[in-house]
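# Observations on the model geometry
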Amino acid sequence: MTTVTKSNKLNPDLTPSKIIEHLNRYIIGQDKAKRSVAIALRNRIRRRALPPEMSHEIMPKNILMVGPTGVGKTEIARRLATLSNAPFVKVEATKFTEVGYVGRDVETIIRDLTEFAVSMVRKRMIEAVQKPALEKAEQRLLDAMLPKPEKKFSMPEFMKAFTGKDEDENKEDSDENAIEAEKNERTRKRFLKMLRDGKLDGRDVEIEVNDSTSPISVFGAPGVDILGMGININEMLGGIMPKKTKKRSMKVKEALRILQQEEAEKLIDTEAMSKEALDLAQEDGIVFLDEIDKVVVKGGNSHGPDVSREGVQRDLLPIVEGSVVQTRYGPVKTDHILFIAAGAFSGVKPSDLIPELQGRFPIRVELEPLTIENLKRILTEPENSLIRQYEALISTEGTELTFTDEATQEIARLAHKMNSEMEDIGARRLHTMMEQLLEEISFNVSDMAEEKIEITADVVREKLSKLVENRDIRRYLL
Ligand SMILES: Nc1ncnc2c1ncn2[C@@H]1O[C@H](COP(=O)(O)OP(=O)(O)OP(=O)(O)O)[C@@H](O)[C@H]1O
Ligand SMILES: [Mg+2]
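Please read all numbers here as calculations on a predicted model, not as lab measurements.

## Overview of the overall build of the protein chain
Scanning the protein chain from N- to C-terminus turns up 20 helices and eleven strands. Looking at the protein chain as a whole, 29% of its 478 residues qualify as buried.

## Re the pairing of strand E7 (residues 330–333)
If a strand is regular, its side chains alternate between the two faces of the sheet. As paired strands, strand E6 (residues 324–327) and E7 are joined by four bridges and run antiparallel to one another. When the bridges of E7 are listed, Val 324 appears paired with Lys 333. Connecting E6 to the next strand, E7, in antiparallel fashion are two residues.

## Things to note about the sheet that holds strand E9 (residues 363–366)
Read across the sheet, five strands follow the order E2-E5-E8-E1-E9 without closing on themselves; strand pairing throughout is parallel. Looking along the sheet, the strands with just one partner apiece sit at the ends: strand E2 (88–92) and E9. Taking each pair of neighbouring strands and ignoring which way they run, the sheet shows an average axis angle of 15°. Taken together, the four bridges between strand E1 (residues 63–66) and strand E8 (residues 338–343) define a ladder with parallel strand orientation. Following the sheet pairing, Val 66 is matched in E8 by Gly 343. Relative to the sheet, helix H2 (residues 31–48) contacts E1, E8 and E9, its axis offset from that of E9 by approximately 150°.

## What to know about the site of ligand 1
Taken together, 17 residues surround ligand 1, and among them Thr 69, Gly 72, Lys 73, Thr 74 and Ala 427 come closest. Of all the elements, helix H4 (residues 73–84) adds the most residues to the shell around ligand 1, at three residues. Within the shell around ligand 1, the residues separate by chemical class into seven nonpolar, seven polar and three charged.

## Describing the packing of helix H14 (residues 372–380) against helix H16 (residues 405–421)
Direction vectors running N to C along H14 and H16 enclose 125°, while the axes themselves pass 8 Å from each other. Comparing the axis directions of H14 and H16 gives the class oblique. In terms of crossing hand, the pair formed by H14 and H16 is right-handed. Contact with H14, carried on its side by Ile 372, Leu 375, Lys 376, Leu 379 and Thr 380, involves Thr 408, Gln 409, Ile 411, Ala 412, Arg 413, Ala 415 and His 416 of H16 and no other residues of that element. Across the contact of H14 with H16, the residue classes break down as six nonpolar, four polar and two charged.

## Some words on the environment of Thr 396
Tracing the backbone through its elements, the reader meets Thr 396 in the loop between helix H15 (386–395) and strand E10 (400–403). Put simply, Thr 396 and Ser 446 are 50 residues apart on the chain and 9.2 Å apart in space, counted from C-alpha to C-alpha.

## Some points on H2
With 18 residues, H2 should cover 26 Å at 1.5 Å per step; its first-to-last C-alpha distance of 26 Å lies within 8% of that length. Looking at the packing, one finds that the buried side of H2 touches helix H1 (16–24), E1, H4, helix H11 (270–284), E8 and E9.

## Points about the nonpolar core
Ranked by internal contacts, the top residues of the largest apolar core, which has 97 residues, are Val 37, Met 65, Ala 277, Val 287, Ile 340 and Ile 411. Residue contributions to this core peak at eight residues, all from helix H5 (residues 107–128). Ile 411 has contacts with Leu 379, Met 433, Leu 437 and Val 460, leaving out every residue within four places of it along the chain.

## Some details on unusual backbone geometry
One non-glycine residue, Phe 345, adopts positive backbone phi at about 45°. Mapping Phe 345 onto the fold places it in the loop between E8 and helix H13 (355–359). The phi torsion at Asn 384 lies on the positive side, around 55°, for a residue other than glycine. Along the chain, Asn 384 falls in the loop between H14 and H15.

## Regarding the packing of H1 against H2
Close contact between H1 and H2 brings their axes to 9 Å; oriented N to C, the two are set at 130°. When the interaxial angle is binned, H1 and H2 end up oblique. Along this stretch, H1 crosses H2, giving a crossing that reads as right-handed. From H1, Pro 16, Ile 19, Ile 20 and Leu 23 reach across to H2, where they touch Lys 34, Arg 35, Ala 38, Ile 39, Leu 41 and Arg 42.

## With respect to the environment of Ile 76
Note on placement: Ile 76 falls in helix H4. When the 24 C-beta atoms within 10 Å are taken as the criterion, Ile 76 is described as buried. As a C-alpha pair, Ile 76 and Leu 23 span 53 residues in sequence and 7.1 Å in three-dimensional space. If we skip the residues at most four places from it in the chain, Ile 76 touches Leu 23, Ile 27, Gln 30, Ala 33, Lys 34 and Val 37.

## A short note on H4
If you check H4, its first and last C-alpha atoms are 17 Å apart, about what twelve residues at 1.5 Å a residue would give, namely 16 Å. Among the residues of H4, Lys 73, Ile 76, Ala 77, Arg 79, Leu 80, Leu 83 and Ser 84 are the ones counted as buried. With its phi angle positive at about 55°, Asn 85 sits one or two positions after the end of H4.

Rules used throughout
Residue numbers restart at each chain and count upward from 1, following the sequence in its written direction. Whichever chain is written first becomes A and whichever ligand is written first becomes 1, with later ones labelled in order. Restriction of local features to residues with pLDDT of at least 70 applies here, the model being predicted, together with a cutoff of 80 or more for giving and counting side-chain atom pairs; totals for whole chains, interfaces and linings are based on all residues. A run of H or I in DSSP becomes a helix once it reaches four residues, and a run of E becomes a strand once it reaches two; helices and strands are each numbered from the N terminus. Residues are called buried when their C-beta atom has 20 or more other C-beta atoms within 10 Å, exposed when it has 12 or fewer, and partly exposed otherwise; all C-beta atoms are positioned from the backbone. Two strands are said to pair when DSSP picks up at least two bridges between them. Inter-axis angles, ranging from 0 to 180 degrees, are taken between N-to-C directions of lines fitted to C-alpha atoms, where helices are fitted over the stretch in contact. It is the C-beta atoms, placed from the backbone, that decide contacts: two residues are in contact if theirs lie within 7 Å. Nearness here is judged by the C-beta atom: place it from the backbone, and if it falls within 6 Å of a molecule or strand, the residue counts as near that partner. Any residue that is not Ala, Val, Leu, Ile, Met, Phe, Trp, Tyr, Cys, Pro, Asp, Glu, Lys or Arg is counted as polar, Gly included; the first ten are nonpolar and the last four charged. With respect to orientation, any angle under 35 degrees is reported as roughly parallel, any angle over 145 as roughly antiparallel, any angle of 65 to 115 as roughly perpendicular, and every other angle as oblique. For a crossing to be left-handed, the near helix must be turned anticlockwise from the far one by less than a right angle; the clockwise case is right-handed. The span you would expect from a helix comes to 1.5 Å times its residue count less one. Only buried residues count toward a nonpolar core: Ala, Val, Leu, Ile, Met, Phe, Trp, Tyr and Cys, linked into one set through C-beta atoms within 7 Å.

The following block contains the structure:
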């Protein structure tokens with residue numbers, strides 16, 4: 001049995017302003033979108049603090065993020081996920097097809113979310129039993145390393161039957177046995193100390209470990225959900241068949257690690273784990289539905305392949321609204337799962353979504369196209385911004401790469417110009433421009449003795465103006 005010390009509950013210290021503070025470290029601007037996801041996340045923490053009668057009534061307010069490509073929609077979701085400590089899946093609406101068509105059906109979203117929750121809970125539970133698991137692992141290692149003590153039977157009757165001597169004479173043997181046992185005990189203790197001091201780390205030992213190569217994985221990769229119904233055949237059969245083990249030889253240190261892992265797995269209460277994970281998925285789960293605009297049909301009159309796209313929207317309805325999805329850990333109610341959908345909606349409008357689905361995303365936020373100022377900040381400010389990435393890469397060659405303020409201003413200006421004259425691809429434009437700008441340096445720097453390279457506005461203009469001015473070249477470069 002496990003004693004659960006910590007839980008996977010959302011961190012109550014995450015106030016909306018703290019959430020925004022975190023998002024600001026990675027995403028420039030888009031304040032409205034940041035605010036609404038911050039409020040949505042906070043509302044889950046608030047709801048968790050209410051009595052069940054009340055909290056059951058409070059449904060999450062799903063969010064639809066609308067904005068041009070490359071302005072931070074997916075990035076906001078990605079950062080929210082790492083921050084929230086909630087089960088989170090990001091899926092692309094285009095990956096799904098209507099039930100009955102070839103492709104994944106939308107219920108797999110909920111199964112993936114549950115798998116995620118299970119792995120979160122399992123991880124925490126495994127961590128909580130590391131100490132007892134280590135103790136068990138140590139004992140198993142000692143068993144493997146020390147010769148088995150010779151058992152001398154001390155039961156008097158038994159001994160008499162074998163030796164023909166009586167009880168008194170056998171007493172000597174039993175004393176001998178006691179001495180022997182004591183000796184063995186001392187040896188074990190000495191070995192245990194050596195083991196704990198790391199003195200045995202480099203020794204070889206042969207241990208019996210679980211054989212992970214399942215004999216029935218011919219059905220597919222181990223763990224594959226073949227029937228698409230949350231039932232895993234390998235696992236089903238694996239439960240019936242005895243666990244196979246095999247002998248492997250390795251260093252003591254490695255053996256201890258493997259045995260500790262095995263013992264930790266055994267110590268987990270899997271039923272409690274499933275129960276907690278199901279609860280976590282249905283109460284705190286967040287699903288990010290990207291590219292939702294790609295399953296929208298213009299004007300709403302559909303035919304041919306459009307029928308399937310609209311079918312995906314219809315299939316999404318019950319899940320977003322609240323239904324029960326079967327998973328291999330048990331049923332998951334989707335009522336309280338938070339859905340955040342996002343799409344560029346360039347050719348179609350949010351109002352082209354089937355009306356029932358529109359109604360289930362009551363919060364609309366528009367993300368703004370990026371200004372020159374935004375682009376400049378994206379280059380420099382976020383942790384691990386593009387400029388920092390290049391500086392770090394080049395520094396490994398012993399060369400310090402720097403950009404003047406005017407240079408970043410110029411890159412941003414040219415990126416904005418290209419976005420407005422050609423296709424607007426948002427911040428992704430910066431990636432292509434930086435690559436172009438630094439192509440020569442990236443190639444030559446390994447063979448150069450230069451200690452410093454400074455990128456000035458002139459360098460930027462020289463390297464990029466051709467790209468910006470020349471339509472023929474541009475066609476090949478996005
Ligand atoms: N506002 C921003 N702040 C910082 N980085 C940004 C911002 N917008 C976009 N980026 C960067 O640009 C790239 C693309 O952004 P993202 O994936 O979020 O685009 P998107 O809005 O989801 O676009 P699409 O509609 O094409 O999916 C990422 O590398 C991201 O870090
Ligand atoms: Mg995206």
